[in-house]
Amino acid sequence: MSGDEIETAQAIEQQIARDILGPLIDAPTVQLLLPQAGQIPQAVWELTRKVLEQNPQAREDVSLLTKLLAEESQMVGGDNMANLNANDAAEPSDFSLKPAERLPLTDRCHHYTGKHEVPWDIQKYFSQRYSIFSFYDGGVHMTDDAWFGVTPEPVANQIAYELSEHHYDPKKTILIDAFGGAGGNTIAFALSERWNRIISIERDAATLACAQHNAELYGVDPGAVTWVLGDSFDYLGQLVNSPERLHPDLRVDLQSTMVFASPPWGGPGYTTDEIFDLSTMQPYSLSQLHEAYKKMDHLLFLPRTSDLRQIAKLAPEGEKLEVIQYCIEGASKAMGAYIPGELSSASGE
Ligand SMILES: C[S@@+](CC[C@H](N)C(=O)[O-])C[C@H]1O[C@@H](n2cnc3c(N)ncnc32)[C@H](O)[C@@H]1O
């Protein structure tokens with residue numbers, strides 16, 4: 001691997017550790033381990049979190065942490081840690097990003113069955129669980145964070161339907177879902193059977209495990225979706241500029257590809273502002289998203305009060321854009337903006 005590739009891989013591994021450990025990432029012992037994140041499997045970070053939660057002293061004392069981890073890993077399966085490390089080393093990859101294996105559900109993936117189990121800030125969403133996933137009782141799993149961002153099933157189906165009907169372009173056969181989340185949109189896209197290939201990218205391993213699990217529950221053909229654990233900006237940057245760095249299964253023809261992006265909507269004012277300023281959207285602004293996707297047609301899934309003037313500026317010269325409000329029971333939930341890509345505009349489509 002080149003220096004850049006190693007750096008990217010390290011950044012992803014460290015992000016996985018951050019996502020699993022949350023605030024415990026700042027523990028001095030974790031900071032010592034972090035530079036070796038590439039050699040530490042996800043399962044070991046999960047054990048580390050458990051050990052640190054139960055033994056605050058191990059946050060300072062690295063030999064205590066090592067000892068407790070060894071004991072814990074024996075309890076969950078003999079010489080588990082040694083095996084996991086050996087497996088990782090046995091599968092070296094020359095590619096910066098590759099398709100993800102089927103990831104195991106972790107203790108961050110929940111299927112809540114009663115309100116009493118649900119953290120208070122998610123209870124509102126839990127009470128809407130059947131409009132989020134009609135098959136919820138079949139065993140849908142989500143991380144606690146995923147509840148805030150998942151696209152409700154009727155909206156996800158409507159988007160999938162539009163891309164199969166009104167916005168059907170036979171030249172587009174591949175869809176990239178840049179923010180896969182717990183699978184809301186990816187599942188609907190796959191069930192529409194409109195795409196030859198779907199590439200769904202999610203940077204949080206537990207959330208991706210939920211998406212894979214939920215897709216299975218919904219009967220999605222295992223071959224229909226290529227899941228990627230990683231940063232979609234890295235992926236798209238390499239797809240456009242240096243596809244040879246990607247695993248061959250992730251190299252797709254840009255002219256045949258469309259991007260769907262449902263980014264997080266954090267930042268000031270999304271719920272309160274009459275007009276939401278997309279230049280302050282966190283962690284990714286409108287221009288950052290557009291810059292990453294601009295070569296390809298893209299559908300941006302944005303807050304319902306998004307500033308239309310900011311979106312209009314993305315229209316190719318002399319063209320108008322189509323913007324859609326997605327409603328449930330008469331109330332708008334989100335806005336969709338269809339932006340033609342430079343490659344489509346240049347070819348006169
Ligand atoms: C709004 S949610 C997407 C929800 C998804 N459409 C669904 O219906 O389940 C955004 C997701 O993007 C993930 N994410 C954030 N930044 C990312 C990035 N740079 N690359 C890939 N995934 C990212 C987050 O972890 C989160 O799960």
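Residues numbered from 1 in each chain as written. Predicted model: local features only at pLDDT ≥ 70, side-chain atom pairs only at ≥ 80, totals over all residues.

## As for the overall build of the protein chain
Each helix and strand in the protein chain was counted, giving 15 helices and 7 strands. Out of the 349 residues in the protein chain, the part that is buried amounts to 38%. Contacts in the protein chain between residues far apart in sequence, at least 24 positions, make up 69% of those at least 6 positions apart. (Helix = DSSP H or I, 4+ residues; strand = E, 2+ residues; numbered from the N terminus. Buried ≥ 20, exposed ≤ 12 C-beta atoms within 10 Å, placed from the backbone. Contact = placed C-beta atoms within 7 Å.)

## A word on the packing of helix α10 (residues 184–192) against helix α11 (residues 205–217)
At a closest axis distance of 9 Å, the pairing of α10 and α11 adopts a crossing angle of 35°. Two packed elements cross with a definite hand, and for α10 against α11 that hand is right-handed. Residues T186, I187 and A190 of α10 pack against A211, N214 and A215 of α11. Partitioning the contact of α10 with α11 into residue classes produces 4 nonpolar, 2 polar and no charged. (Axes fitted to C-alpha atoms, helices over the stretch in contact; angles between N-to-C directions. Left-handed = near helix turned anticlockwise from the far one by under 90°. Nonpolar A, V, L, I, M, F, W, Y, C, P; charged D, E, K, R; others polar.)

## A few points about the site of the ligand
As a structural note, the neighbourhood of the ligand is formed by 20 residues, with G149, T151, F179, G181 and G184 the closest of them. Broken down by secondary-structure element, the contributors of at least two residues to the shell around the ligand are α8 (146–149), α10, β2 (197–202) and α12 (232–241). A breakdown of the residues in the shell around the ligand according to their chemical character gives 7 nonpolar, 9 polar and 4 charged. (Near = placed C-beta within 6 Å.)

## Points about α11
An ideal rise of 1.5 Å per residue puts 18 Å on 13 residues; α11 measures up with 18 Å between its terminal C-alpha atoms. Counting buried positions over the 13 residues of α11 gives 11, a clear majority of the element. Burial in α11 covers these residues: A205, A206, T207, L208, A209, C210, A211, Q212, H213, N214 and A215. The first or second residue beyond α11 is G219, which carries a positive phi of 80°. (Expected span 1.5 Å × (residues − 1).)

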